[in-house]
Amino acid sequence: MTPNQRLPNSLTPLDVALAALLDGVAPVTPKGLPLEEALRCIAADMPPLAALPPHDIAAADGFALRARDLVGASSYSPLPLTTLPAWVEAGDAIPTGCDCVLDSDSLDQSGPMPLVLAEAIPGQGVRRAGCDIAAGSLVVEPGRRMLARDLLIARAAGIGTLKVRRPRLRIVNIPGGTVTSDLIAESARTAGAEIVSVTAAGRDAASIAAAIDVGGCDLLLTVGGSGVGRTDASVTALAGRGEIIAHGVAVQPGRTSAVARVGNTPVVVLPGAPDQAFAAWWTLALPVLDRLSGRRPRKTLNLPLARKIASGVGIAEIVLLERKQGQWVTLAAGDLSLDAIARAEAWLTVPGAAEGYAAGTAVDAYMLRE
């Protein structure tokens, strides 16, 4: 029988656990992926793009002319031309010396000489060189997540593969935590990770240890079995495979979380309850994934609090927020319902050294809907 796990009398501060977990973690090697696979991954260095269009082109069908030659032309004072100007179709290169395109109704061709019936301004009816893609620009800046609009630029530039960083994440689900494991897998996939999910054959230490395989992964997560019950054996299994850095982290919810290392691979043990796993995912696992991805710091939004947030000293507390009338409104603090998780727009951590924040305090919250 596996002996009961026990949390230490003193929980490890959140910032200490995270610093130990991040120690030695570096961005993974970039690799080229087809555009559809690169979506949501974090961009690596990319070559500068050529201008698109490469030269001025017609935006519509019409006659190519020079605007300064048409000053004063109107239906009351037509401007005669010695020759019919060049006709261009939309997308054609603008002839040398021309800088505008007039539609066919702006020229009267009924007489012996073509007559211009309207003025124009430089650039009228023209798409300038580089107006879609500026010369020297990038599909996306390194460290930023690849979005659908970035793929539009890549396709327009004729690029079929993009260099990205996509960490390999292995998730070991301990039986009983499938709902939470699916939540974490979907969140990690959205963050640009390559996911492999497996379920341990049982909740005993031997079954969990058999599922812990760090070969071919950059980050290992286990979901469930982190508590002190008789069937909670995740930490025991990990202790036999690597080094336990901390079991019991001063974060609410999520106190039974653990951080470890198997060889050089960082490991985060997430509790099986969705709210506890959610808290440990955002405060421990996601920072590691961001470091592996080479991602730029995540954006925060600074707004005042609509109401006071009270928090106990010594435990970092997770708070879920939504925006209302330019303020952050608290949905949940410490105890996170599934409804609050689904509705939340942002989250923040009240540090363990603080007693909370007064109403009206401006706080930086991490956005959940990028």
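Preceding this section is the structure that the text describes.
Here goes a summary of the coordinates provided.

Rules of the game
- Residues numbered from 1 in each chain as written.
- Predicted model: local features only at pLDDT ≥ 70, side-chain atom pairs only at ≥ 80, totals over all residues.
- Heavy atoms only, no water.
- Axes fitted to C-alpha atoms, helices over the stretch in contact; angles between N-to-C directions.
- Helix = DSSP H or I, 4+ residues; strand = E, 2+ residues; numbered from the N terminus.
- Parallel < 35°, antiparallel > 145°, perpendicular 65-115°, else oblique.
- Left-handed = near helix turned anticlockwise from the far one by under 90°.
- Contact = heavy atoms within 4.5 Å.
- Nonpolar A, V, L, I, M, F, W, Y, C, P; charged D, E, K, R; others polar.
- Pairing = 2+ DSSP bridges.
- Buried < 20%, exposed > 50% of the residue type's maximum accessible area, 1.4 Å probe, protein only.
- Arc of directions from axis to C-beta.
- Phe/Tyr/Trp six-rings, centres within 6.5 Å; stacked < 30°, edge-to-face > 60°.

### Some remarks on the packing of helix α1 (residues 14-22) against helix α7 (residues 274-293)
Part 1: For the pair α1 and α7, the least separation of the axes is 10 Å and the interaxial angle reads 30°. Overall, the two elements α1 and α7 adopt an arrangement that is roughly parallel. Relative to α7, the crossing made by α1 is right-handed. Counting all contacts with α1, which are made through Leu 14, Ala 17, Leu 18, Leu 21 and Leu 22, the residues of α7 involved are Thr 283, Leu 284, Pro 287, Val 288 and Arg 291.
Part 2: Considering only residue class, the contact of α1 with α7 consists of eight nonpolar, one polar and one charged.

### Brief notes about unusual backbone geometry
Part 1: The linkage connecting Leu 52 with the following residue, Pro 53, adopts the cis geometry, with an omega of -5°.
Part 2: Residue placement: Pro 53 occurs in the loop between β3 (42-43) and β4 (57-58).
Part 3: Each neighbour pair has its own omega, and for Gln 252 with Pro 253 the value is -5°, a cis peptide bond.
Part 4: Residue placement: Pro 253 occurs in the loop between β17 (249-252) and β18 (258-262).
Part 5: Even without glycine at this site, Arg 40 takes up a positive phi of about 80°.
Part 6: Within the secondary structure, Arg 40 is located in the loop between α2 (35-38) and β3.
Part 7: Here the phi dihedral of Gln 325 falls at roughly 50°; this positive angle occurs in a residue that is not glycine.

### Overview of the sheet that holds strand β19 (residues 265-270)
Part 1: Read across the open sheet, the six strands follow the order β14-β13-β15-β19-β18-β16; overall the sheet is mixed. Here the strands that pair on one side only, and so sit at the sheet edges, are β14 (194-199) and β16 (243-247). The sheet shows a mean angle of 20° between the axes of neighbouring strands, taken without regard to direction.
Part 2: Here helix α4 (residues 178-190) sits on the sheet in contact with β13 (168-173), β14, β15 (219-223) and β19, set at roughly 175° to β13.

### Regarding the environment of Ala 200
Part 1: Within the element layout of this structure, Ala 200 appears in the loop between β14 and α5 (205-211).
Part 2: With relative accessibility at 4%, the residue Ala 200 sits in the buried group.
Part 3: Separated by 101 residues in the primary sequence, Ala 200 and Asp 99 place their C-alpha atoms 69 Å from one another.
Part 4: Leaving out residues up to four positions away in the same chain, Ala 200 has contacts with Asn 173, Ile 174, Pro 175, Ser 207, Ile 208 and Ala 211.

### Digging into helix α3 (residues 148-156)
Part 1: Among the residues of α3, Asp 150, Leu 151 and Ala 154 are the ones counted as buried. For α3, the buried positions fall inside an angular range of 100° around the axis, keeping them on one side. Turned more than 90 degrees away from the buried face of α3 sit Ala 148, Arg 149, Leu 152 and Arg 155, all of them exposed.
Part 2: Close packing links the buried residues of α3 with α2 and β12 (161-165).
Part 3: Once α3 ends, the next one or two residues include Gly 158, with phi positive near 80°.

### Overview of the packing of aromatic side chains
Part 1: Scanning all chains against the criterion turns up four aromatic pairs.
Part 2: Considering the side-chain rings of Phe 278 and Trp 282, the 6.4 Å spacing of their centres and the 55° angle between planes classify their relative orientation as tilted. Of this pair, Phe 278 and Trp 282 both sit in helix α7, four residues apart, roughly one helical turn. The same class applies to Phe 278 and to Trp 282, which are both buried.
Part 3: An angle of 55° between the planes, with centres 5.6 Å apart, marks the rings of Trp 282 and Trp 347 as tilted. Of this pair, Trp 282 sits in helix α7 while Trp 347 sits in strand β24 (residues 346-350), and the two are 65 residues apart along the sequence.
Part 4: Counting every residue linked through ring pairs, the aromatic cluster contains Phe 278, Trp 282, Trp 347 and Tyr 366.

### With respect to the environment of Ala 191
Part 1: Relative to the elements of secondary structure, Ala 191 occurs in the loop between α4 and β14.
Part 2: Look at Ala 191 and you get buried, because its relative accessible area is 9%.
Part 3: Apart from residues lying up to four places away in sequence, Ala 191 is in contact with Arg 40, Leu 286, Leu 289 and Arg 298.

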